[in-house]
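The primary structure of each chain is shown beneath.
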Protein chains: 2
Amino acid sequence: MVLQDRAKATRGAALLGAAAVFEEHGYGGATLSRVSEVSGLTKGALYFHFQSKEDLARAVIEVQHRIAAAEGERILAENLPALTKIILMCRGFGLQLVDEPVVRAGIRLTFEATAFGPPVRGPYEDWIAIMEQLTERSKSELQIRASIDAGAFARYLVASFTGVQMVSGVLTSRADVMQRIEEMWEILLPGILHEDFHENPRTLSRLISTGLPERPAPTAP
Amino acid sequence: MVLQDRAKATRGAALLGAAAVFEEHGYGGATLSRVSEVSGLTKGALYFHFQSKEDLARAVIEVQHRIAAAEGERILAENLPALTKIILMCRGFGLQLVDEPVVRAGIRLTFEATAFGPPVRGPYEDWIAIMEQLTERSKSELQIRASIDAGAFARYLVASFTGVQMVSGVLTSRADVMQRIEEMWEILLPGILHEDFHENPRTLSRLISTGLPERPAPTAP
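- Going by an unreviewed UniProt entry, chain A carries the name TetR family transcriptional regulator and comes from Arthrobacter liuii.

Printed below as a string of C-alpha cells:
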C-alpha cells in the first residue's frame with residue numbers, strides 16, 4: 001500500500017513537471033531531462049512510469065481531458081436549463097485554460113499531436129456527444145429553436161470553440177480568451193434562440209457574460 | 001539567368017517534395033532525407049536552399065498562405081456583394097484543403113508550429129483584417145445587420161472556420177469539410193443577416209451551398 005501510494009505520488013509529480021515543461025516549450029522543445037529536473041525526480045523514476053516523451057505527452061492529454069470532463073459532469077448534474085449548461089461548460093473550459101497549467105499543456109499537446117503521432121480524436125467526440133444531448137434537451141425546454149439540427153450545432157459549437165481558444169492562444173497567449181468566448185455567444189445566440197428569448201436582451205446578456213439565467217430553470221415537458 | 005531559373009526550379013521541387021512529406025508524416029515524422037528522396041534532389045541541393053527542417057516547414061507555410069491569399073484576392077476583385085465574397089472565400093479555402101497538397105501541408109504545419117517554434121500569427125491576422133473590411137462593406141450593402149460588430153464577427157469567423165476545418169481534419173481527414181463549412185453558415189447566417197434576407201430562404205440556401213447570390217449584386221450606397 002505504501003509502495004502504491006509512493007508510485008502514485010511519483011506519477012503525479014512526473015505529470016505536473018511534464019505539464020510545466022510541455023506548456024512552456026511545446027512537444028518539440030521538451031526533453032525528459034528537463035522534466036526530471038522540474039519534477040525533482042530521477043530519470044530512473046521517470047522512465048519507470050513513462051517509456052518515452054510521447055508516452056508522457058499522451059498521459060498529460062488524458063489528465064487534461066479528465067479535468068475538463070469532471071468540470072463538465074459537475075455542471076451536467078446541476079438543476080439548470082440545458083442551454084445554461086452549454087454556456088457554463090464553454091466558460092468553465094475557458095477558465096481552466098486561463099488557470100490550470102495542466103489544461104493549457106494538454107490542449108497545446110492535443111493540437112501538436114499530429115506532429116508526433118496520430119491525432120487525438122476522443123475529446124472532440126466526447127464533447128460533441130455531450131453538446132448534442134444538451135442541444136436536444138434545450139430544444140425541448142423551448143430555449144433553442146426547434147429548426148436547429150442538434151448534431152450539426154453540436155459539431156459546429158465544439159469546432160468553433162476549439163478554433164476560438166486556439167486562435168486566442170496564437171494571437172494573445174489566451175489573454176483575451178474569455179472575451180472571445182463571450183463574443184462567440186453574442187454572434188451565435190441570436191441565430192439559435194427560441195423566439196421567447198429575443199424579448200429579453202438583459203437575460204441574454206447576463207447569460208452570455210455569466211452563463212447564469214435570471215429566471216428559474218424551466219421544467220422539461 | 002539560366003542558373004537563376006535552375007535555382008528556382010530546384011527550390012520549387014524541394015517545396016513540393018517537402019509538402020508531400022510534411023502532409024503525410026507531420027513535422028515530427030518528416031526527415032530531410034525523405035524530402036530529398038521524394039523531390040529527387042541531392043541533399044546538397046536541398047541544403048543549399050533550406051538550412052533545416054524548420055526552415056523548410058516555414059517556407060511551406062508561406063507558400064500555402066500565398067496560394068490561399070491569391071484565391072482571396074481573385075474573389076475580392078469580383079463584382080459581387082461583400083457577403084458573397086466572405087462565403088466564397090471560406091468555400092475556396094475549403095476546396096484548396098481538399099484539392100491542394102501544399103495547402104494541406106501548410107495548414108498542418110501551421111497547427112503544429114508550436115511544437116517546433118513560435119506560433120504562426122500572420123495568416124490569422126491577414127484573414128481577420130480582410131474579413132473585417134468585408135463585413136463593414138456588407139453592413140453598408142444592407143446584407144449584414146447594422147448591430148453586428150465587424151471586428152468581433154471577423155475574429156470569430158476566422159477562429160471558427162479554423163476550428164471547423166481542424167476538427168474535420170482530426171475526425172474525417174477533411175472528407176466532410178465542405179459539408180461542415182455549409183453547416184457553419186446555416187448556423188451563423190440567421191443571426192447576422194439583414195432583415196431583408198430572412199424573407200427568401202431559397203436565396204439563403206443557394207448562398208450557403210454555392211456562395212453565389214440569385215439576385216444581381218446590389219450597388220453600395
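## A word on the nonpolar core
Soluble globular proteins tend to pack their nonpolar side chains together in the buried interior.
Alright, step 1. Among the nonpolar cores identified, the biggest contains 94 residues, and Trp185(A), Leu188(A), Leu189(A), Met184(B), Trp185(B), Leu188(B) and Leu189(B) are the most heavily contacted of them.
Alright, step 2. If we ignore the near neighbours within four places in the chain, the residues touching Leu188(A) are Phe153(A), Tyr156(A), Leu157(A), Tyr156(B), Ile187(B) and Leu188(B).
Alright, step 3. In this structure, Tyr27(A), Leu46(A), Ala59(B) and Leu109(B) belong to the second largest nonpolar core, which totals 52 residues.

## Overview of the packing of helix 5 (residues 82-99) of chain B against helix 7 (residues 122-140) of chain B
Residues and elements named next belong to chain B.
Alright, step 1. Two numbers describe how helix 5 lies on helix 7: the axes approach to 7 Å, and their chain directions differ by 150°. Put simply, helix 5 runs roughly antiparallel to helix 7. Mapping the contact onto sequence places Ala82, Leu83, Lys85, Ile86, Met89, Cys90 and Phe93 in helix 5 and Trp127, Ile130, Met131, Leu134, Thr135, Arg137 and Ser138 in helix 7.
Alright, step 2. Grouping the amino acids of the contact of helix 5 with helix 7 by side-chain chemistry returns 10 nonpolar, two polar and two charged.

## Concerning the side chain of Ser138(B)
Residue and element names in this part refer to chain B.
Alright, step 1. With respect to the secondary-structure elements, Ser138 resides in helix 7.
Alright, step 2. Its relative accessible area of 0% is what places Ser138 among the buried residues.
Alright, step 3. Leave out the neighbours within four places in its chain, and Ser138 touches Ala82, Leu83, Gln143 and Ile144.

## Section: helix 9 (residues 177-192) of chain B
All names here are of chain B.
Alright, step 1. Its 16 residues place the ends of helix 9 22 Å apart at the C-alpha level, agreeing with the 22 Å of an ideal helix rising 1.5 Å per residue.
Alright, step 2. Within helix 9, 12 of the 16 residues are buried, which leaves the element mostly enclosed by the surrounding structure.
Alright, step 3. Along helix 9, the residues classified as buried are Val177, Met178, Arg180, Ile181, Glu183, Met184, Trp185, Ile187, Leu188, Leu189, Gly191 and Ile192.

## Looking at the confidence of the model for chain A
Alright, step 1. Of the residues in chain A, 92% have a pLDDT of 70 or more, and the chain-wide mean is 89.
Alright, step 2. Mean pLDDT across the secondary structure elements of chain A bottoms out at helix 10 (residues 201-210) of chain A, with 73, and peaks at helix 8 (residues 150-172) of chain A, with 97.

## A closer look at the UniProt feature "DNA-binding region" (unreviewed entry) in chain A
Alright, step 1. When the UniProt feature table is mapped onto this chain, "DNA-binding region" (unreviewed entry) is found at residues 31-50 of chain A.
Alright, step 2. With 75% helix and 0% strand, residues 31-50 of chain A has its two end C-alpha atoms placed 13 Å apart.

## Regarding the interface of chain B and chain A
Alright, step 1. Each partner contributes to the interface: chain B provides 38 residues, whereas chain A provides 38 residues.
Alright, step 2. Summed over both partners, the interface of chain B with chain A comes to about 3100 Å²; 69% of that surface belongs to carbon and sulfur atoms.
Alright, step 3. It is Tyr156(B), Leu171(B) and Ile187(B) that lose the most area in chain B upon contact with chain A, and together they represent 22% of the buried surface on that side.
Alright, step 4. Counting the contacts that link chain B with chain A gives two salt bridges.
Alright, step 5. With its nearest N and O atoms 3.2 Å apart, the salt bridge here joins Arg155(B) to Glu183(A).
Alright, step 6. At the junction of chain B with chain A, the criterion picks out 15 residue pairs in polar contact (both at pLDDT 80 or more).
Alright, step 7. Going through the elements one at a time, helix 1 (2-29), helix 6 (101-112), helix 7, helix 8 (150-172) and helix 9 of chain B are the ones with two or more residues in the side of chain B that touches chain A.
Alright, step 8. For the side of chain B that touches chain A, the element with the most residues is helix 8 of chain B, which contributes 13 residues.
Alright, step 9. The residue inventory of the side of chain B that touches chain A, partitioned by class, reads 21 nonpolar, nine polar and eight charged.

Each value, and the rule that gives it
Residues numbered from 1 in each chain as written. Chains lettered and ligands numbered in written order. Predicted model: local features only at pLDDT ≥ 70, side-chain atom pairs only at ≥ 80, totals over all residues. Heavy atoms only, no water. Core = buried A, V, L, I, M, F, W, Y, C linked by side-chain atoms within 4.5 Å. Buried < 20%, exposed > 50% of the residue type's maximum accessible area, 1.4 Å probe, protein only. Contact = heavy atoms within 4.5 Å. Axes fitted to C-alpha atoms, helices over the stretch in contact; angles between N-to-C directions. Helix = DSSP H or I, 4+ residues; strand = E, 2+ residues; numbered from the N terminus. Parallel < 35°, antiparallel > 145°, perpendicular 65-115°, else oblique. Nonpolar A, V, L, I, M, F, W, Y, C, P; charged D, E, K, R; others polar. Expected span 1.5 Å × (residues − 1). pLDDT = per-residue confidence, 0-100. UniProt positions renumbered as here; feature names shortened; annotations may be inferred. Buried area = accessible area lost by both parts, 1.4 Å probe. Salt bridge = Lys/Arg side-chain N within 4 Å of Asp/Glu carboxyl O. Polar contact = N/O pair within 3.5 Å; in protein donor to acceptor, adjacent residues only side chain to side chain.

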